[in-house]
Amino acid sequence: MPVIGQKLVIKNLISFGSNFTKKVNKTMGSVATIVDKRVKENLSGGLTPSDLSGLDHPYAKRHGERGKQVLTPWYKVNKQTGRLLNSKEKGIIPAQVRVGKLMATAFVKLDTDVAPHAVHVVYGTSRMIPRPVLQGSRDEVLPAVGLLMKKNLINAVLST
Amino acid sequence: MKAAKRVLEKIRRVLTDTPAVRDVVQRRVYTKHISQVDDPIYPAISLYVLTNNLNNSVQEAVQLSVQIDLWLQSGRKTAVNIMDLAEDVNKVLNRQDLTDKNLEIAVASIFQLDAGPVMTDPEPNLLHVPLIYRVDAFPTTSDDGIILQDQATGDKIELNVEDGQIITED
């Protein structure tokens with residue numbers, strides 16, 4: 001089978017090992033920052049316990065599975081002590097070949113050593129619906145993240 | 001019944017028809033979050049739609065994120081028991097053809113996205129494991145067809161489906 005485009009392939013291979021992975025890591029750092037910002041917003045609901053009382057306890061069972069929806073998005077968490085917010089961490093796992101694929105990861109997580117109740121907020125309890133604040137925040141910024149990655153990486157393989 | 005509710009009902013039926021699951025929770029698979037159930041009886045499983053997005057290419061098709069919560073009394077059961085139940089749930093859902101002619105729902109795919117840790121819930125003294133699944137599904141018509149709609153022109157095309165597979169195009 002004839003091979004065509006060898007020059008392009010070689011150029012890609014050369015740039016793959018250096019500039020490309022640097023650009024990927026830098027871009028993933030930006031992705032982590034975008035997600036982190038949205039998670040912060042979604043952990044910073046401003047309703048106090050007395051506000052909630054005045055709003056007829058919007059998360060009470062009588063208001064249904066999503067509650068009374070006094071905040072947008074519905075999974076937004078009200079900030080009380082700030083411990084949950086302080087447990088938030090962001091970072092990246094740099095680009096590397098894993099299982100035959102070049103993979104890089106951006107993450108935002110809640111540290112349960114700092115806020116042990118984080119799992120109960122995110123996954124719910126027998127008395128409280130889940131608040132998928134990490135998953136929801138990620139989904140909210142997916143279009144923006146997609147555009148950012150496209151913009152930053154579309155020419156990365158061919159750049160010198 | 002909306003597509004999301006049909007999906008939950010189908011999952012409920014599959015789980016209650018699975019002997020290993022039924023041995024633990026009997027028929028107590030609730031199609032809403034356990035916090036919304038009046039006087040729930042444990043052990044139990046509850047289903048909760050976290051996200052429900054419309055698919056743009058297939059009319060009324062949905063992409064759901066569903067949390068399946070397992071609840072066992074911690075005095076009687078251990079973390080090993082609840083992890084065994086999680087494994088049984090995962091096995092049956094990953095293997096199932098969830099297309100259901102009676103419910104008029106076809107599930108194109110279902111897979112586990114995430115699983116939370118084994119947690120303790122002090123009142124009323126429960127073990128809790130959340131499992132998160134992504135489900136792609138579309139409602140079928142009574143003759144097992146699905147309707148595709150061209151987003152640009154609005155034209156509709158009906159496809160026939162058998163066991164979740166598109167078999168002919170009208």
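Residues numbered from 1 in each chain as written. Chains lettered and ligands numbered in written order. Predicted model: local features only at pLDDT ≥ 70, side-chain atom pairs only at ≥ 80, totals over all residues. Heavy atoms only, no water.

### Some remarks on the overall build of chain B
Phase 1 of the analysis: Looking only at helices and strands, chain B features three helices and nine strands.
Phase 2 of the analysis: Helices (α) and strands (β) of chain B occur, in sequence order from the N terminus, as α-α-β-β-β-α-β-β-β-β-β-β.
Phase 3 of the analysis: Counting across all 170 residues of chain B, residues that qualify as buried make up 48%.
Phase 4 of the analysis: As presented, chain B carries roughly 8500 Å² of accessible surface, and 44% of it is formed by carbon and sulfur atoms. (Helix = DSSP H or I, 4+ residues; strand = E, 2+ residues; numbered from the N terminus. Buried < 20%, exposed > 50% of the residue type's maximum accessible area, 1.4 Å probe, protein only. Areas by Shrake-Rupley, 256 points an atom, 1.4 Å probe, with all protein chains shown as cover.)

### Points about the interface of chain B and chain A
Phase 1 of the analysis: The interface is formed by 29 residues belonging to chain B together with 18 residues belonging to chain A.
Phase 2 of the analysis: Where chain B abuts chain A, roughly 1800 Å² becomes buried across the two surfaces, and 51% of that area is made up of carbon and sulfur atoms.
Phase 3 of the analysis: When the area that chain B buries against chain A is broken down by residue, the three leading residues are Gln36(B), Tyr48(B) and Leu50(B), summing to 31%.
Phase 4 of the analysis: Scanning the region where chain B abuts chain A turns up zero salt bridges. (Contact = heavy atoms within 4.5 Å. Buried area = accessible area lost by both parts, 1.4 Å probe. Salt bridge = Lys/Arg side-chain N within 4 Å of Asp/Glu carboxyl O.)

### Considerations on the confidence of the model for chain B
Residues and elements named next belong to chain B.
Phase 1 of the analysis: Looking at chain B, the pLDDT average stands at 83 and 78% of residues meet or exceed 70.
Phase 2 of the analysis: The least confident element of chain B, judged by mean pLDDT, is strand 9 (residues 165-169) at 51; the most confident is strand 1 (residues 29-30) at 97.
Phase 3 of the analysis: Predicted complex, confidence summary: ipTM 0.79, pTM 0.81. (pLDDT = per-residue confidence, 0-100.)

### Quick notes on the pattern of salt bridges
Phase 1 of the analysis: The final tally for this structure, using the stated rule, is 11 salt bridges over all chains.
Phase 2 of the analysis: Note that Glu41(A) and Arg38(A) form a salt bridge whose closest N and O atoms lie 3.2 Å from each other. Residue Glu41(A) and its partner Arg38(A) are both found in helix 1 (residues 6-42); the two are separated by three residues, about one turn of the helix.
Phase 3 of the analysis: The partly exposed category is assigned to Glu41(A), whose relative accessible area is 36%.
Phase 4 of the analysis: For Arg38(A), a relative accessible area of 26% corresponds to the partly exposed category.
Phase 5 of the analysis: In this structure, Arg13(B) and Glu9(B) form a salt bridge, with 2.9 Å as the shortest nitrogen-oxygen distance. Taken together, the positions of Arg13(B) and Glu9(B), both in helix 1 (residues 3-16) and four residues apart, correspond to about one turn of that helix.
Phase 6 of the analysis: For Arg13(B), a relative accessible area of 31% corresponds to the partly exposed category.
Phase 7 of the analysis: Sharing partners across several salt bridges, the network here consists of Arg38(A), Glu41(A) and Glu140(A).

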